[in-house]
Amino acid sequence: MNKDERIELANLLFPNIDKTKEDYENMYSERNLSEGAMVTRYGPSPTGNVHLGNLLSAFCDMVYANQTGGSFFLRIEDTDQKRMIDGGIDNITSVLEDFAITPNEGYSYGGDYGPYIQSERTEIYQTYVKDLIIEGLAYPCFMTEEEEAEIKEEQAINKVRIGIYGHYAADRDLSLEEVKENLSNGKTFVIRLKSPGDPNKIVEFKDCIKGKLKFPEHDIDTILLKKDGTPTYHLAHVIDDHLMHTTHVIRGDEWVSSIPLHLQLFRVLGFKPVKYAHIAPITIKDKETGNIRKISKRKDPWFGVKYYDENGIPIEALHLYLATITNTNFEEWYLQNSDKNISDFEFSFKKQPVGGTSFDEDKLNNLCKTYFSRKSGEEVYNETLTWAKKHDEEYAKLLENNKDDMIKYLSIEKDGPRPRKDISKYSEVKEEFSYAIDSMFEKENYSKYDGDKVYDIDLINNYIDNYLDLDVDNNDWFNKVREFSIENGYAGSPKDYKKDPDNYKGHVGDICEAIRVMITGRLKSPDLFSIMKVLGKDRIKDRINLYSKFISK
RNA sequence: GGCCUGUUGGUGAAGGGGUUCAACACACCGCCCUCUCAAGGCGGCAUUCACGGGUUCAAAUCCCGUACAGGCUACCA
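Residues numbered from 1 in each chain as written. Chains lettered and ligands numbered in written order. Predicted model: local features only at pLDDT ≥ 70, side-chain atom pairs only at ≥ 80, totals over all residues.

Another aspect to go through is the domain arrangement of chain A. By the assigned domains, chain A splits into domain 1 (3-24 + 121-279), domain 2 (31-120), domain 3 (284-373), domain 4 (377-433) and domain 5 (442-552). Using only C-alpha atoms to locate each centre, domain 1 and domain 4 end up separated by 57 Å. (Domains from an automatic or database assignment.)

Among the 67 residues in the neighbourhood of RNA strand B, the closest are listed as Lys 227, Gly 355, Asp 362, Gly 509 and Cys 512. For the surface near RNA strand B, the secondary structure elements donating two or more residues are helix 6 (145-157), strand 7 (211-216), strand 12 (292-294), helix 12 (330-336), strand 13 (357-358), helix 13 (361-373), helix 22 (508-520) and helix 23 (528-552). Looking at the surface near RNA strand B residue by residue, the class counts come to 21 nonpolar, 18 polar and 28 charged. (Near = placed C-beta within 6 Å. Helix = DSSP H or I, 4+ residues; strand = E, 2+ residues; numbered from the N terminus. Nonpolar A, V, L, I, M, F, W, Y, C, P; charged D, E, K, R; others polar.)

Another aspect to go through is the sheet that holds strand 1 (residues 39-42). Read across the sheet, three strands follow the order 1-2-3 without closing on themselves; strand pairing throughout is parallel. The open sheet is flanked by strand 1 and strand 3 (105-106), the only strands paired with a single partner. When strand 2 (residues 71-74) meets strand 3, the two strands line up parallel, connected through two bridges. Residue pairing in the sheet places Phe 73 in a bridge with Glu 105 of strand 3. Relative to strand 1, helix 3 (residues 52-68) is tilted by about 160°, and along the sheet it contacts strand 1 and strand 2. (Pairing = 2+ DSSP bridges. Contact = placed C-beta atoms within 7 Å. Axes fitted to C-alpha atoms, helices over the stretch in contact; angles between N-to-C directions.)

Here we take up the sheet that holds strand 4 (residues 138-141). The pairing of strands in a sheet comes from backbone hydrogen bonds and takes either a parallel or an antiparallel form. On the basis of which strands lie adjacent, the open sheet formed by three strands has the order 4-5-8 and antiparallel pairing. The strands lining the two open edges of the sheet, one partner per strand, are strand 4 and strand 8 (223-225). Here the strands of the sheet are splayed against their neighbours by 45° on average, with no regard to which way each runs. As paired elements, strand 5 (residues 190-193) and strand 8 share two bridges and run antiparallel to each other. In the strand pairing of strand 8, Arg 192 is matched with Ile 223.

Of the two faces of strand 1, the one lined by Val 39 and Arg 41 and the one lined by Thr 40 and Tyr 42 are each fully buried. Alignment of strand 1 against strand 2, held across four bridges, turns out to be parallel. When the bridges of strand 2 are listed, Arg 41 appears paired with Phe 73. Taking the sense of rotation as the criterion, the β-α-β connection linking strand 1, helix 3 and strand 2 turns out right-handed. (Buried ≥ 20, exposed ≤ 12 C-beta atoms within 10 Å, placed from the backbone. Right-handed = clockwise from strand over helix to strand, strands pointing away.)

Moving on, we come to helix 5 (residues 122-134). The end-to-end C-alpha distance of helix 5, which contains 13 residues, comes to 18 Å, matching closely the 18 Å that a straight helix rising 1.5 Å per residue would cover. After helix 5 finishes, the residue Gly 136 shows a positive phi value of roughly 75°. (Expected span 1.5 Å × (residues − 1).)

Attention now moves to the packing of helix 1 (residues 3-13) against helix 5. Orientation of helix 1 relative to helix 5, taken along the N-to-C sense of each, is 155°, at an axis distance of 8 Å. One element, helix 1, and the other, helix 5, form an angle in the roughly antiparallel class. Along this stretch, helix 1 crosses helix 5, giving a crossing that reads as right-handed. Here helix 1 contributes Arg 6, Ile 7, Leu 9, Ala 10 and Leu 13 to the contact with helix 5, which in turn contributes Lys 130, Ile 133 and Ile 134. (Parallel < 35°, antiparallel > 145°, perpendicular 65-115°, else oblique. Left-handed = near helix turned anticlockwise from the far one by under 90°.)

Before going further, it helps to spend a moment on helix 6. Under the 1.5 Å per step criterion, the end-to-end length of helix 6 is 19 Å for 13 residues, consistent within 8% with the ideal 18 Å. Within helix 6, only zero of the 13 residues are buried, leaving the element largely exposed. Positioned one or two residues after helix 6, Lys 159 has a phi angle of 55°, which is positive.

For the rest of this paragraph, the subject is the nonpolar core. Leu 55, Leu 56, Phe 59, Ala 317, Tyr 321, Leu 322 and Ile 519 are the most contacted members of the largest nonpolar core, which totals 86 residues. The element contributing the most residues to this core is helix 3, with 10 residues. With residues up to four places along the chain from it excluded, the contact list for Phe 59 reads Ile 101, His 319, Leu 322 and Thr 326. Counting residues in each nonpolar core, the second largest holds 24 residues, with Ile 133, Ala 138, Val 190 and Leu 265 among its members. (Core = buried A, V, L, I, M, F, W, Y, C linked by C-beta atoms within 7 Å.)

Time to look at the environment of Val 534. With respect to the helices and strands, Val 534 occurs in helix 23. Among the residues examined, Val 534 registers 18 C-beta atoms within 10 Å and is labelled partly exposed. The spacing of Val 534 and Asp 405 is 129 residues in sequence and 6.7 Å in space, taken between C-alpha atoms. Excluding its chain neighbours within four sequence positions, the residues that come into contact with Val 534 are Asp 405, Lys 408 and Tyr 409.

See the structure below:
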């Protein structure tokens, strides 16, 4: 076909397309950004639930765009109407919101480069394809899906490369007359790329994360426009990221084998290619088989996104985890910079893992503990309350009614360079601080105490009445306990006791243990004196009475 | 079948020819601190980097092969 024929063909195929690619080039002008600013995008398909892997890639998009003063946008990739699920799009935006991953622009966020949903961009794609046809770089293919499947089956049997290329691309050089005839016979068609690649040539390419990669040139006549006129991912990706002026495409590494195709499309369309950063999938070592596999929603609860909210894992702690798997040096940096947060860290593609990243639940847990340890008692209180309002209304009410006490308890051993590190989830607060709320303690009190010792109530009452002074500091308090111990036949320190156990009834620790169990109902607790201070003498006495009732039962 | 990619301790991983290169973190164990717990301190935990061969004076690091794992090979993304 000569050019005139191709123009006729293009008009025949796309009679309703009256814009030209120049119109769109002018419509979406270059972004006004400083040198080095990265424009990234998250392009989910509304075909299922969002999972951890999606979150990781969106997190990367956000972090790189933010730290370079660029832009991070959300684009809905809904070109496959068959796989759409109800509420899929709303689900995406609400998950992003819940996880504090905030695009600067995009679907439902606005911006100058929209529409940010591919189903509304069909005309744009068709305009570029029409141009490709005029240029002789694409053609209509009338092969049915069955015919194509047969070819591929035959290729598999003959052990040759699978795909529509070379002589398998039967409709590549149809004459205008043949096309017209097919059309008048009512045959449907797709538009294929007339790939200019030579598979004997090698394309070299540098991925921001994976480094140098080599592939044979792409020579398959990939489908650009489906039978229904909608684009395939490949075409939509290249056109959108060009028009939206994306600088870095960060995506899962299941896409690396498509790089030669995408690079070719950029060239054929006359676009400047984007930079690619392919991130490794999140994997897990299967306990049964010992194999590494992608994490799955069914087997691995943390893969689903609901898990975090339901279990009371703070979003910021999850961000911390995402940051540690995004850059392998983040963790060390964070531990050394207790006063800084994620936005102070400089992420780099060079420090991004190349192979699979394995999910490490222990590490997440530890990160959560570190997160809580760096929050003040009041912050922990507020966040826990917010969480409880959603998941445990009864407890939320108790928290609200006991705000002052609760904050005091949550603040124990929080100052200084080694803050307490005992909570890893909001859901643990209720259990960990079971002694903190009087009404709760009255109900549950000693039911959780699993020791078998019975403590001497008179002894402790004697101590409370005659020795306890809540207005002193921790050292003086403890010296007083020691004094009391010695006077009552207990050793002043565990060491003294160990030297000569027969000479003593026990040691200070036993006295403290008795007090601890009586006022908290447990053998382990944060600093005892701090708890006593919050309670005050009257409530301490109440609890001892409670204990006496408990043991007389 | 073809084309890519990966494989370092109980776990997550650093390191991409020599020089503390087998870092760091988590977990675990031991000791110390200590009224308990958490935290913290000290120490232990891969003589060796999937396996085989090659290049080199020198390899976890480069090359080839094998095994295993993952991805792609859709009118899905």
